[in-house]
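Each chain, letter by letter, is given below.
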Amino acid sequence: MKKIEIMGCGYIGLPTAITFTLAGYEVCGFDIQESVVKTLNEGKIHIVEPGLQEAMDQAMATGRLHFTAKPEPADVFIIAVQTPHRDTPEGKRVSDMKYVESAARSVGQVIRPGGLCVLESTSPPYSTRLVESIVSEVSGIPAENFMTAHCPERIIPGRMLIELRENDRIIGSNRPESAEYAKEIYTPVVTKGTIRTTDDLTAEMCKLTENTFRDINIAYANELSKVCDRLGIDVFNLIQLANCHPRVNVHTPGVGVGGHCIAVDPWFIHEKFEDITPLIYEARVINDGKPAWVADRIEKDVAPGAKVAVLGMSFKANIDDIRESPSVEFANILQQRGYEVLACEPYISHEVAGFANHSLEDAMAQCDYAVITLAHNEFKEKKDLIATKPYYDCVGLMR
Ligand SMILES: NC(=O)c1ccc[n+]([C@@H]2O[C@H](COP(=O)([O-])OP(=O)(O)OC[C@H]3O[C@@H](n4cnc5c(N)ncnc54)[C@H](O)[C@@H]3O)[C@@H](O)[C@H]2O)c1
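Conventions used here
Residues numbered from 1 in each chain as written. Predicted model: local features only at pLDDT ≥ 70, side-chain atom pairs only at ≥ 80, totals over all residues. Heavy atoms only, no water. Axes fitted to C-alpha atoms, helices over the stretch in contact; angles between N-to-C directions. Helix = DSSP H or I, 4+ residues; strand = E, 2+ residues; numbered from the N terminus. Parallel < 35°, antiparallel > 145°, perpendicular 65-115°, else oblique. Contact = heavy atoms within 4.5 Å. Nonpolar A, V, L, I, M, F, W, Y, C, P; charged D, E, K, R; others polar. Patch = residues over 30% accessible without salt bridge, like charges linked within 9 Å, V, L, I, M, F, W, Y side chains within 5 Å. Areas by Shrake-Rupley, 256 points an atom, 1.4 Å probe, with all protein chains shown as cover. Salt bridge = Lys/Arg side-chain N within 4 Å of Asp/Glu carboxyl O. Domains from an automatic or database assignment. Core = buried A, V, L, I, M, F, W, Y, C linked by side-chain atoms within 4.5 Å. Buried < 20%, exposed > 50% of the residue type's maximum accessible area, 1.4 Å probe, protein only. Phe/Tyr/Trp six-rings, centres within 6.5 Å; stacked < 30°, edge-to-face > 60°. Near = heavy atom within 4 Å. Polar contact = N/O pair within 3.5 Å; in protein donor to acceptor, adjacent residues only side chain to side chain. Pairing = 2+ DSSP bridges.

**Student:** Quick question: what am I supposed to make of the packing of helix H5 (residues 127–139) against helix H8 (residues 200–231) here?
**Tutor:** Relative orientation and spacing of two packed helices are given, respectively, by the angle between their axes and the distance between those axes. Close contact between H5 and H8 brings their axes to 8 Å; oriented N to C, the two are set at 125 degrees. Taken together, the axes of H5 and H8 lie oblique to each other. Of H8, the residues touching H5 (which contributes Ser 127, Thr 128 and Arg 129) are Asp 200, Leu 201 and Glu 204. Looking at side-chain class alone, the contact of H5 with H8 contains one nonpolar, two polar and three charged residues.

**Student:** Mind showing me how you'd approach a nonpolar patch on the surface here?
**Tutor:** A contiguous nonpolar surface patch, about 340 Å² in accessible area, is contributed by Val 227, Leu 231, Ile 233 and Leu 238. Summarising the element assignment, Leu 231 is placed in helix H8.

**Student:** What am I meant to see in the domain arrangement of the protein here?
**Tutor:** Each assigned domain of the protein is listed with its residue range as follows: domain 1 (3–206) and domain 2 (233–256 + 290–393). When each unit is reduced to the centre of its C-alpha atoms, the spacing between domain 1 and domain 2 is 36 Å.

**Student:** Teacher, can you tell me more about the nonpolar core here?
**Tutor:** Nonpolar side chains in soluble globular proteins tend to end up buried together. The biggest cluster of nonpolar side chains holds 41 residues, and the ones touching the most others in it are Val 294, Ile 298, Leu 311 and Leu 334. Those elements that provide at least two residues to this core are helix H11 (278–299), strand S11 (307–311), helix H12 (326–336), strand S12 (340–344), helix H13 (360–366) and strand S13 (369–372). For this core, the element with the most residues is H12, which contributes five residues. Non-local contacts of Leu 311, meaning those with residues more than four positions away in its chain, are made with Cys 344, Leu 360, Met 364, Ala 370, Val 371, Ile 372, Thr 373, Leu 374, Phe 379 and Ile 386. Judged by nonpolar contacts, the second largest core, of 37 residues, contains Leu 14, Ile 18, Ala 59 and Leu 65.

**Student:** Looking at this structure, I do not really get the packing of aromatic side chains. What am I missing?
**Tutor:** Tallied over the entire structure, the rule returns three aromatic pairs. Between Phe 20 and Tyr 186, the aromatic rings sit 5.3 Å apart at their centres with planes inclined by 85 degrees, giving edge-to-face as the arrangement. Separated by 166 residues along the polypeptide, Phe 20 in helix H1 (residues 13–22) and Tyr 186 in helix H7 (residues 176–186) bring together distant segments of the chain. Relative accessible area serves as the criterion here: at 1%, Phe 20 is assigned to the buried category. For Tyr 186, a relative accessible area of 1% puts it in the buried group.

**Student:** Is there a simple way to think about the site of the ligand in this case?
**Tutor:** Surveying the vicinity of the ligand reveals 24 residues, the closest of which are Ile 12, Asp 31, Gln 33, Thr 83 and Ser 102. Here Gln 33 contributes a side-chain N or O atom positioned 2.8 Å from an oxygen atom of the ligand. Between the ligand and the protein, one listed contact pairs an oxygen atom with a side-chain N or O atom of Gln 82 at 3.4 Å. Protein coverage of the free-state accessible area of the ligand, which is 840 Å², stands at 93%. Residue contributions to the shell around the ligand peak at three residues, all from helix H4 (residues 98–110). Looking at the shell around the ligand residue by residue, the class counts come to twelve nonpolar, nine polar and three charged.

**Student:** How do you make sense of the sheet that holds S11 when you look at a structure like this?
**Tutor:** Sheet strands pair via backbone hydrogen bonds, and the direction of the pair is either parallel or antiparallel. With parallel pairing, four strands are arranged side by side in an open sheet as S12-S11-S13-S14. The open sheet terminates on both sides in strands that have one partner only, identified here as S12 and strand S14 (391–393). Strand after strand, the sheet turns through a mean of 20 degrees between neighbouring axes, direction not considered. As judged from the five bridges shared by S11 and S12, these two strands associate in the parallel manner. Across the sheet, Val 310 pairs through a bridge with Ala 343, a residue of S12. Helix-sheet contacts for H11 involve S11, S13 and S14, and the interaxial angle to S14 is about 145 degrees.

Given below as structure tokens:
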């Protein structure tokens, strides 16, 4: 039985560790946070995901899953650490690969000749080769005597356990035999999806291409929302009608683009090919500029000093995650311009990004004006309440 070691036990690594265990492997989850390792070894999960605790219980009961804060020898290593972006002193936005580099060093300490190291973290082109060179340097094993591959993760929170088994996977390597071996390893896990093999650069670009496509499409929708505002027509109606064409699929505008994927991944292409990717760059600028545009827009309706309810603070509807949230950015802009912000985020129980968190009832009772930044289910169910005050609807909820 092969032993698989998952490097990083967060939103991706933990469900992956559990799923590989339930597929029959012996699995070790390695994380640098000792408190996380302790919690997990007690059989408790530290992230919110439907069905994950039950799956963890089953996986722990097999006796084939444990967690460690010290890298252990294994046959296959899967790197699933975070890959955020960072701003350089020169004002450029680039990937921060320090977590991947450190995980690769840990792999290098324990990998044996013939072992496989798979990079799952979303990464810029050439990252799998970077991992290969670090593992080789630290282990002293020549690159031709172990294997590397990239297998980007494309699952979505809320459906992780399902999508780990059902989504198609792309596996790429600079050596076809390594990609084929990685495919064999993933086959018992990906029970419904198809696994396709390719080279490492194509696999890296594939994940970035998917998210960049969506970012550019949303930038187009956001630009259309500004045009429609000047024309005095409903952008959501316009897009719905345009999408009746069989070959058109315009996404939905909003208050911006957030989260740790779509708002981040396009930079990973741009950082390497700045001179030939103006479209990717411009889409990022348009989406990042949308919160300020919405603030400008509502200034026409309501003057600074007013109480404005911001309905939705997370980065997308029906989740509690505020990473890179454009709603938070928008609330901060309003506050800087002298509005009194009444944040309302029903998916979070405490204060949110420094703002007191109000119930919808409370926010609507107190506000002079409301801005609907997210189409949360609760807001959909309480449209009548929202309609009691003047509002600006960024997402087409009130249609
Ligand atoms: N979360 C998602 O929905 C999602 C979806 C698709 C792809 N991804 C990608 O998957 C990757 C992981 O994302 P995530 O959301 O799971 O991140 P996360 O922050 O939830 O988890 C990362 C974990 O790695 C650990 N870690 C950091 N450095 C380490 C090291 N050197 N060795 C061992 N452990 C280390 C951290 O302590 C943390 O527990 C990222 O590249 C992300 O872009 C995420």
